[in-house]
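# Chain and residue survey
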Amino acid sequence: GAGVSQSPSNKVTEKGKDVELRCDPISGHTALYWYRQSLGQGLEFLIYFQGNSAPDKSGLPSDRFSAERTGGSVSTLTIQRTQQEDSAVYLCASRAGGGDTQYFGPGTRLTVL
Amino acid sequence: GENVEQHPSTLSVQEGDSAVIKCTYSDSASNYFPWYKQELGKGPQLIIDIRSNVGEKKDQRIAVTLNKTAKHFSLHITETQPEDSAVYFCAASRFGNEKLTFGTGTRLTIIP
């Protein structure tokens, strides 16, 4: 079946602009995660949605970062007033309720000039 | 919070030999430890995982061992093949469904 999809695959923006990154989780998965992977680094947790519960936003690095999950499915990560240090690959993962495995999408490579 | 350290950062092995990657974690409450393989330009893919109530798990050429007392776990790949070349990440979490804390990755190169 279809895996996690993310769009766009690449995004180049100018410093100070806002960007929106989209994640389509696996159908029926109740949990959705956003991670950030800087060049040559491990994955850094950003935010976690589980069903109708309040999201765990503990990993968001600043108030310029926000995320929404509409209808328990698609999620959008928004970065306002982008900075060069925001350049990274943003990865989305989803997980079935009751399961352990997080399935990752291919990521969005964000470059802030 | 949890801290996961991973070694080595790079590893080159001759095709057919074994590769071992080691991770340590700090949070004694962590009980779920997955390993992911990431190929260039792709998202991480789960290759094996282990829960804290098990000391070892095998899946064909891949095995993971867990030492709860020492708070470390290892990935073992036997009979390595060129397609095993990738970056491998270990991770840890509580309860198996919360956020994962990742190690910094190991770039494995299989030399033909």
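These numbers come from a predicted model, not from an experiment. Sequence order as written defines residue numbering, which begins from 1 separately in each chain. For this description, chains carry letters from A and ligands carry numbers from 1, given in the order in which they are written. Predicted model: local features are reported for residues with pLDDT of at least 70 only, side-chain atom pairs are reported and counted for 80 or more only, and whole-chain, interface and lining totals are derived from all residues. Side-chain measures here rest on the full set of heavy atoms in the structure, leaving out hydrogens and waters.

### Here we look at the nonpolar core
The following threshold applies: By nonpolar core is meant a set of buried Ala, Val, Leu, Ile, Met, Phe, Trp, Tyr and Cys residues that side-chain atoms within 4.5 Å join together. Working definition: with a 1.4 Å probe on protein chains only, accessible area under 20% of the residue-type maximum means buried, over 50% means exposed, and in between means partly exposed. Only DSSP runs of H or I with at least four residues qualify as helices, and only runs of E with at least two residues qualify as strands; both kinds are numbered from the N terminus onward.
In this structure, Trp-35, Phe-73, Leu-75, Tyr-88 and Leu-108 of chain B are the most contacted members of the largest nonpolar core, which totals 24 residues. Looking at this core, the elements with two or more residues in it are β2 (10-14), β3 (19-25), β4 (32-38), β5 (45-51), β7 (62-67), β8 (72-77), β9 (86-92) and β11 (106-111) of chain B. Residues Ile-47, Phe-49, Ile-79 and Ala-88 of chain A belong to the second largest nonpolar core, which totals 20 residues.

### Some details on the sheet that holds strand β1 (residues 4-7) of chain B
Residue and element names in this part refer to chain B. As a reminder, the rule being used: Being paired, for any two strands, means DSSP has found at least two bridges between them. Helix axes use the C-alpha atoms of the stretch in contact, all axes being lines fitted to C-alpha atoms, and the angles between their N-to-C directions lie in the range 0 to 180 degrees.
Reading across the sheet, the 5 strands line up as β1-β3-β8-β7-β6 and stay open at both edges, with antiparallel pairing between neighbours. The open sheet has two edge strands with one neighbour each: β1 and β6 (56-59). With strand direction ignored, the average angle separating the axes of adjacent strands in the sheet is 15 degrees. Examined bridge by bridge, β1 and β3 share 4 bridges and lie antiparallel to one another. Pairing of Gln-6 across the sheet is with Cys-23, part of β3.

### Comments concerning the state of the cysteines
What makes a disulfide is a covalent bond joining the sulfur atoms belonging to two cysteines. Residues and elements named next belong to chain B. Heads up, the condition is: The definition used for a disulfide is geometric: two cysteine sulfur atoms within 2.5 Å.
Counting across every chain of the model gives 2 disulfides over all chains. What pairs with Cys-23 in a disulfide is Cys-90, and their sulfur atoms sit 1.9 Å apart. The disulfide joining Cys-23 to Cys-90 has a torsion of about -100 degrees about its S-S bond and is therefore left-handed. Note that Cys-23 is positioned in strand β3 and Cys-90 in strand β9, a separation of 67 residues in sequence. The exposure classification of Cys-23 matches that of Cys-90, with both residues buried.

### Quick word on unusual backbone geometry
The omega torsion of the bond from Ser-7 of chain A to Pro-8 of chain A falls at -10 degrees, within 30 degrees of zero and hence cis. Secondary-structure assignment places Pro-8 of chain A in the loop between β1 (5-7) and β2 (10-13). A cis amide bond links His-7 of chain B to the next residue, Pro-8 of chain B, at an omega of -5 degrees. Its place among the elements puts Pro-8 of chain B in the loop between β1 and β2.

### Description of the interface of chain B and chain A
To be explicit about the condition: Two residues form a contact once any of their heavy atoms are found within 4.5 Å. Buried area is calculated as the accessible area (1.4 Å probe) missing from two parts once they are joined, with the contributions of both summed. Salt bridges are defined by distance alone: a side-chain nitrogen of Lys or Arg within 4 Å of a carboxyl oxygen of Asp or Glu. Polar contacts, as counted here, are pairs of nitrogen or oxygen atoms within 3.5 Å of one another; within protein the pair requires one atom able to donate a hydrogen and one able to accept it, and residues that are adjacent in sequence qualify only if both atoms are side-chain atoms.
Taken together, the 20 residues of chain B in the interface contact 20 residues of chain A. When chain B packs against chain A, the two sides together hide about 1400 Å² of surface, and 51% of this comes from carbon and sulfur. Linking chain B to chain A there are 1 salt bridge. For the pair chain B and chain A, the interface holds 5 residue pairs in polar contact (both at pLDDT 80 or more).

### Looking at the side chain of Thr-101 of chain A
As for its placement among the helices and strands, Thr-101 of chain A is situated in the loop between β8 (88-95) and β9 (103-104). By relative accessible area, Thr-101 of chain A is classed as buried at 15%. Filtering out sequence-adjacent residues up to four positions away, Thr-101 of chain A remains in contact with Ser-94 and Arg-95 of chain A together with Tyr-32, Leu-46 and Asp-49 of chain B.

### Description of the confidence of the model for chain A
For the record, the criterion: pLDDT: the predictor's confidence for each residue, scored from 0 to 100.
Mean pLDDT over chain A: 93, with 99% of residues reaching 70 or higher. Mean pLDDT values over the elements of chain A span from 95, in strand β5 (residues 43-50) of chain A, up to 98, in strand β7 (residues 75-79) of chain A.

### Things to note about the packing of aromatic side chains
Residue and element names in this part refer to chain B. The following threshold applies: Stacked, edge-to-face and tilted are the three classes for Phe, Tyr and Trp ring pairs, Trp counted by its six-membered ring, which pair at centre distances within 6.5 Å; planes under 30 degrees apart are stacked, over 60 edge-to-face, the rest tilted.
Applying the stated rule across the entire model yields 13 aromatic pairs over all chains. Taking 5.6 Å as the distance between ring centres and 70 degrees as the angle between the ring planes, the aromatic pair formed by Trp-35 and Phe-73 counts as edge-to-face. A residue pair is termed long-range when its members are at least 10 positions apart, and Trp-35 in strand β4 and Phe-73 in strand β8 qualify at 38 residues. Residue Phe-73 is classed as buried on the basis of its relative accessible area of 0%. On the basis of an interplanar angle of 90 degrees and a centroid distance of 6.4 Å, the ring pair of Phe-89 and Phe-102 is categorised as edge-to-face. Taken as a pair, Phe-89 in strand β9 and Phe-102 in strand β10 (residues 101-102) lie far apart in primary sequence, 13 residues in all. Each member of the pair, Phe-89 as well as Phe-102, is classed as buried.

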